Amino acid sequence: MDDTIKLSVINMTKLYGNGDGVKNIDLDVHTGELVTLLGPSGCGKTTILRTIGGFIDLTDGDITIDGKSIITLPPEKRPTSMVFQSYNLWPHMTVHDNLEFGLKLRKIPKETREQKISYGLNLVKMNGFEKKYPNQMSGGQQQRIAIARSLILEPEVLLLDEPFSALDAKIRMEMREELRKIQTDLNITVIFVTHDQEEAMMLSDRIVVMSKGHIEQMGSPREIYDHPATRFVAGFIGEMNFLDDGSGKQVAVRPEHISVTKGTDKGILHGTVRTVMMLGHYLEMTLDTEKGLVKVYINSDQADQFQKGDQVALNFDHTYSYNKE
Ligand SMILES: Nc1ncnc2c1ncn2[C@@H]1O[C@H](COP(=O)(O)OP(=O)(O)OP(=O)(O)O)[C@@H](O)[C@H]1O
Ligand SMILES: [Mg+2]
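Keep in mind it's a predicted model, so treat the numbers as computed, not measured.

Enquirer: Explain the overall build of the protein chain to me, please; I cannot follow it from the model alone.
Expert: For the protein chain, the count of helices and strands is eight helices and 18 strands. In terms of its C-alpha atoms, the protein chain occupies a principal-axis envelope of roughly 80 × 45 × 40 Å. The buried share of the protein chain, taken over its 325 residues, is 34%. A separation threshold of at least 6 residues defines the contact pool for the protein chain, and within that pool the share at least 24 residues apart is 65%.

Here's what the structure looks like:
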């Protein structure tokens, strides 16, 4: 990643006929950066990606790559390439022909085409699959081919719309790691869309958290986790307890920032243990308190200390404050 700006979305608005869409989106993406658009269903992630790729027209604003506006160009003339959630490959074509298609459109000579196809298959570890048809491969393999097909077109910006969401958990994890490796090795600029915060946390240089057609916060995974700018982000990223403080504000505290001791001394809040769940190297407890249910994480070596029904005192190591929504 470097400091040059590869892509700018400038005060961009896209409204569909019914008034839904995204409004006043501003976003700069650096060369070699992987930026994730993260947010709940319907918040406008795909809409932004499609306006960048040229599959839908924007209502207002501009989009530039290397400082030049691209909004009048059709998708195939833009220096972008998009991978969709599913139905990526042409079913009647072999892997080889799927990969070759875009290269042919760009009038790349046969010999170079073949080199690029082997290079692409190598990148996604799919050598030997040239003659297979899409329906002879697993979902994960098909998405690998779809990504290879986009990569060998050498786009200035690669657009990925939930490319792994149809895959099972283990394959999804592998694909994330592979994508991140390829992306950093080749220094590719990527905009990645997901509604999975864990995926966004793992993959991204920066995350753009969206809600209802606008951007709530942009920042590194660390910044967004440690300093959620709004009540929405605080509730959307990671686990958070919200406690009314009686003044129209809410105190927010993460489960790992609460310490629990037995008895009723010295706490700023008191409660009763309702559930204790073993989650590997830590425990999740829910506590009934004067302010409602509170979730806390504690080390599993403290497992024996707490039982359902115990009276406990809570202290907070770190809290946030938000206006009530
Ligand atoms: N072709 C369309 N015509 C009208 N409204 C649309 C169209 N496509 C999307 N919308 C609306 O625009 C808003 C944003 O949709 P978009 O598909 O960008 O969301 P998303 O964040 O990608 O959601 P998901 O996570 O479900 O894919 C939603 O309210 C959606 O209903
Ligand atoms: Mg979408």
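There's more to say after this.
Enquirer: Would you mind showing me how to read the site of ligand 1 here?
Expert: Around ligand 1, 13 residues are found, and the nearest of them are Tyr16, Ser41, Lys45, Thr46 and Thr47. Looking at the shell around ligand 1 element by element, the count peaks at three residues for helix H1 (residues 45–53).

Enquirer: Sorry if this is basic, but what is going on with the domain arrangement of the protein chain here?
Expert: Note: interface size is frequently given as the accessible area lost on complex formation between the parts. Domain annotation of the protein chain identifies domain 1 (5–232) and domain 2 (241–323). The distance between the C-alpha centroids of domain 1 and domain 2 comes to 40 Å.

Enquirer: Is there a simple way to think about helix H3 (residues 110–123) in this case?
Expert: Here H3 spans 20 Å end to end across 14 residues, near enough to the 20 Å set by a 1.5 Å rise per residue. Of all the residues in H3, the buried ones are Lys116, Ile117, Gly120 and Leu121. Projected onto a plane normal to the axis of H3, the buried residues spread over an arc of 130 degrees and lie on a single side. Residues of H3 that are exposed and point over 90 degrees away from its buried face: Glu111, Thr112 and Asn122. In this fold, the buried residues of H3 make contact with helix H2 (95–105) and helix H4 (139–151). One or two steps after H3, the chain reaches lysine 125, where phi turns positive at roughly 55 degrees.

Enquirer: Got a minute to help me understand the pairing of strand S12 (residues 249–253) in this structure?
Expert: In regular strands, side chains alternate between the two faces of the sheet. Pairing of strand S11 (residues 241–244) with S12 involves four bridges; the strand directions are antiparallel. Within S12, the residue paired with asparagine 241 across the bridge is valine 253.

Enquirer: Please clarify how the pairing of strand S14 (residues 269–278) should be interpreted in this entry.
Expert: Judged from the four bridges that link them, S14 and strand S17 (residues 311–316) form a sheet pairing that is antiparallel. Bridge assignment links glycine 271 to a residue of S17, and that residue is valine 312. Here seven bridges tie S14 to strand S15 (residues 282–289), and the two strands are oriented antiparallel to one another. In the sheet register, methionine 277 faces S15, and the bridge partner there is glutamate 284.

Enquirer: Could you clarify how one ought to interpret the nonpolar core in this entry?
Expert: One recurring pattern in soluble globular proteins: nonpolar side chains tend to sit buried together. In this structure, Ala148, Leu159, Ile191, Val208 and Val209 are the most contacted members of the largest nonpolar core, which totals 57 residues. Among the elements that take part in this core, H4 stands out by supplying five residues, more than any other. In this view, isoleucine 191 contacts Val29, Val35, Leu37, Leu49, Ile52, Val157 and Leu159; residues no more than four positions away in its chain are not counted. Val253, Met285, Leu287 and Val312 belong to the second largest nonpolar core, which has nine residues in total.

Enquirer: Even after reading the chapter, I still don't get the environment of glutamate 223, so can you show me in this structure?
Expert: Considering the arrangement of structural elements, one finds glutamate 223 in helix H7 (residues 221–226). Through-space distance from the C-alpha of glutamate 223 to that of glutamine 141 is 34 Å; in sequence the pair is 82 residues apart.

Enquirer: What exactly am I supposed to notice about unusual backbone geometry here?
Expert: Of all residues except glycine, most have a negative phi; of all peptide bonds, most are trans. Although it is not a glycine, asparagine 24 sits at a positive phi angle of roughly 50 degrees. One can find asparagine 24 in strand S2 (residues 21–30). Residue asparagine 24 is classed as partly exposed on the basis of its C-beta count, with 13 C-beta atoms lying within 10 Å. The residue glutamate 154 is not glycine, and still its phi comes out positive at about 45 degrees. Along the chain, glutamate 154 turns up in the loop between H4 and strand S7 (157–161). Owing to 13 C-beta atoms within 10 Å, glutamate 154 belongs among the partly exposed residues under this scheme.

Enquirer: Can you walk me through the sheet that holds strand S1 (residues 5–15) in this structure?
Expert: Here we have four strands laid out as an open sheet, ordered S2-S1-S4-S5, and antiparallel in their pairing. Since the sheet does not close on itself, it has two edges, and those belong to S2 and strand S5 (68–69), each with one partner. With seven bridges connecting them, S1 and S2 associate as antiparallel partners. Its bridge partner lying in S2, leucine 15 is registered against glycine 21.

Enquirer: What is the right way to look at H4 in this model?
Expert: Along an α-helix, residues three or four positions apart point the same way, because every turn accommodates 3.6 residues. Here H4 contains 13 residues, and its C-alpha end-to-end distance of 18 Å stays within 8% of the 18 Å for a straight helix at 1.5 Å per residue. Counting buried positions over the 13 residues of H4 gives ten, a clear majority of the element.

Enquirer: Sorry if this is basic, but what is going on with the environment of aspartate 97 here?
Expert: Among the structural elements, aspartate 97 can be located in helix H2. Exposure remark for aspartate 97: the 16 C-beta atoms within 10 Å place this residue in the partly exposed category. When the C-alpha positions of aspartate 97 and tyrosine 133 are compared, they lie 9.5 Å apart, and in sequence the two are 36 residues distant.

Enquirer: In this structure, what is going on with the environment of alanine 303? I would like to understand it.
Expert: By the secondary structure assignment, alanine 303 is in the loop between strand S16 (292–299) and S17. The class of alanine 303 is partly exposed, set by 14 C-beta atoms lying within 10 Å. Apart from residues no more than four positions distant in its own chain, alanine 303 is found in contact with Met278 and Leu283.

Parameters at a glance
- Residues numbered from 1 in each chain as written.
- Chains lettered and ligands numbered in written order.
- Predicted model: local features only at pLDDT ≥ 70, side-chain atom pairs only at ≥ 80, totals over all residues.
- Helix = DSSP H or I, 4+ residues; strand = E, 2+ residues; numbered from the N terminus.
- Buried ≥ 20, exposed ≤ 12 C-beta atoms within 10 Å, placed from the backbone.
- Contact = placed C-beta atoms within 7 Å.
- Near = placed C-beta within 6 Å.
- Domains from an automatic or database assignment.
- Expected span 1.5 Å × (residues − 1).
- Arc of directions from axis to C-beta.
- Pairing = 2+ DSSP bridges.
- Core = buried A, V, L, I, M, F, W, Y, C linked by C-beta atoms within 7 Å.

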